[in-house]
Amino acid sequence: MTYKAIIFDLDGTLVNSIGDIADAMNTVLAKRHYPTYDYDTYKTFVGSGVKSLVIKALPDTAPKQSEIDECLINMMEVYSKNCTNKTMPYDGILELLDTLNTKKLKLAVLSNKEDSLTKKVAKALLPDYLNPVYGLKEEALKKPNPQVLLQLCKNLNVNPEEAIYVGDTDVDILVAKNANMLAVGVSWGFRDPQELIAQGADFILQTPKDLLKVV
């Protein structure tokens, strides 16, 4: 198969953003005198959007909707001002994107991070590499729902079978499978690679440059 496009997840795949995400949510929790969490714990919270993160971080196992909504607003306010404080591309990512560009591959992003924040982080840290960059606009359309991913393929003028999806969580592997795309997991992200293998990942990358072998 000759692949024409590679679509990436953002957090845990292209950039290590866990510090900024955790710091922002901990700020919200601390103001309410709730327990806070370390970065490793937040790695288990991320992957399904900010609302899901808020629900997991709140101490009540069944928080009230009003509190979820308030904390979500607070989290977005804090994080939007601090989303590139500690966040950086993983080692080897910029070199990989440079090489893929020379191969004339179409490169894009689909993330479960809120759309404006996805665009902000990508523009700040990965300028000129990725187009389009899509984040989450509607909760019902978040990964592993393949609807937005399939639309992205149409916008790139490629068939799903001609595209690769690269991510670091089970949600990423599932959305790729649901879209009938090659599912590639990364070993350096927020989940154990065994979790990705269990969901049916076609390949697991040990380093970014390993993607060149898949292409």
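Residues numbered from 1 in each chain as written. Predicted model: local features only at pLDDT ≥ 70, side-chain atom pairs only at ≥ 80, totals over all residues. Heavy atoms only, no water.

## Here we look at helix α3 (residues 50-57)
Given 3.6 residues per turn, any residue in an α-helix points the same way as the ones three and four places further on. Filter applied, for reference: Exposure is judged per residue with a 1.4 Å probe applied to protein chains only, and the accessible area is read against the type maximum: over 50% gives exposed, under 20% gives buried, and values in between give partly exposed. Here a strand is any run of E in DSSP of at least two residues, a helix any run of H or I of at least four, and the numbering for each starts at the N terminus. When checking whether two residues touch, look at their non-hydrogen atoms; a contact exists if any pair is within 4.5 Å.
Residues V50, S52, L53, V54 and A57 constitute the buried set of α3. Packing partners of the buried residues in α3 comprise α1 (18-31), α2 (39-45) and α4 (65-82).

## Digging into the nonpolar core
Across soluble globular proteins, nonpolar side chains have a tendency to be buried as a group. The cut-off we apply is this: In this description, a nonpolar core means a group of buried Ala, Val, Leu, Ile, Met, Phe, Trp, Tyr and Cys residues linked to one another through side-chain atoms lying within 4.5 Å.
In this structure, F8, M75, L126, L130 and L211 are the most contacted members of the largest nonpolar core, which totals 53 residues. Setting aside chain neighbours within four positions, we find L126 in contact with L10, L14, V15, P89, I93, L94, L97 and V121. Core analysis: the next-biggest nonpolar cluster, separate from the first, contains 21 residues, A5, L141, Y165 and V175 among them.

## Side note on the packing of α1 against α4
Put simply, the rule reads: For every element, the axis is a line fit to its C-alpha atoms; helices are fit only across the contacting stretch, and the angle between N-to-C directions ranges from 0 to 180 degrees. Note that the term roughly parallel is reserved for angles under 35 degrees, roughly antiparallel for angles over 145, roughly perpendicular for angles of 65 to 115, and oblique for everything else. Helix crossings are classified by the rotation of the near helix relative to the far one: an anticlockwise turn of less than a right angle makes the crossing left-handed, while a clockwise turn makes it right-handed. Only Asp, Glu, Lys and Arg are considered charged in this grouping, and only Ala, Val, Leu, Ile, Met, Phe, Trp, Tyr, Cys and Pro are considered nonpolar; every other residue, Gly among them, is considered polar.
Taken N-terminus to C-terminus, the directions of α1 and α4 make an angle of 135°; their axes are 9 Å apart at the nearest point. The angle between the axes of α1 and α4 places the two elements in the oblique class. Here α1 and α4 pass one another in a crossing that is right-handed. Residue-level inspection shows D20, I21, A24, M25, T27 and V28 of α1 in contact with α4, the latter providing C71, N74, M75, V78, Y79 and N82. For the contact of α1 with α4, a count of residues per class yields eight nonpolar, three polar and one charged.

## Overview of the sheet that holds strand β7 (residues 182-186)
Short version of the rule: Here, strands pair whenever DSSP counts at least two bridges between them.
Taken in spatial order, the six strands of this open sheet run β5-β4-β1-β6-β7-β8, and their pairing is parallel. Looking at which strands have only one partner, the edges of the open sheet turn out to be β5 (133-136) and β8 (203-205). The average angle at which neighbouring strand axes cross in this sheet is 25°, direction not considered. Across three bridges, the pairing between β7 and β8 is parallel. Counted as the bridge partner of V186 is L205 from β8. In this fold helix α8 (residues 170-178) packs onto β4 (106-114), β6 (163-167) and β7, with an angle of close to 170° to the strand it touches most, β7.

## Focus: the pairing of strand β1 (residues 5-8)
Every second residue of β1 is oriented toward a common face, with A5 and I7 on one face and I6 and F8 on the other, all of them buried. For β1 and β4, the ladder comprises four bridges, and the chain directions are parallel. Paired with A5 across the bridge in β4 is K106. Relative to β6, β1 is paired through four bridges, and the arrangement is parallel. Bridging across to β6, I6 finds its partner in I164.

## Description of the packing of α3 against α4
One can describe the packing of α3 onto α4 by two numbers: an axis separation of 9 Å at closest approach and a directional angle of 120°. Considering the relative orientation of α3 and α4, their crossing is right-handed. Residues V50, K51, L53, V54 and I55 of α3 touch α4, and the partners they reach there are Q65, I68, C71, L72, M75 and M76.

## Examining unusual backbone geometry
Omega for the peptide link from N131 to P132 comes to 5°, which places this bond in the cis form. The residue P132 is located in the loop between α6 (115-125) and β5 in this model. Look at the link from K143 to P144: it is a cis peptide, with omega at 15°. One can find P144 in the loop between β5 and α7 (147-156). The residue K104 is not glycine, and still its phi comes out positive at about 65°.

## A closer look at α1
Stated precisely, the cut-off is as follows: One less than the number of residues in a helix, times 1.5 Å, gives the span that helix is expected to have.
Between its terminal C-alpha atoms α1 stretches 20 Å, which fits the 20 Å expected from 14 residues at 1.5 Å a residue. Among all positions in α1, only I18, G19, D20, I21, A22, A24, M25, N26, V28 and L29 are buried. H33, located one to two residues past α1, shows a positive phi value of around 60°.

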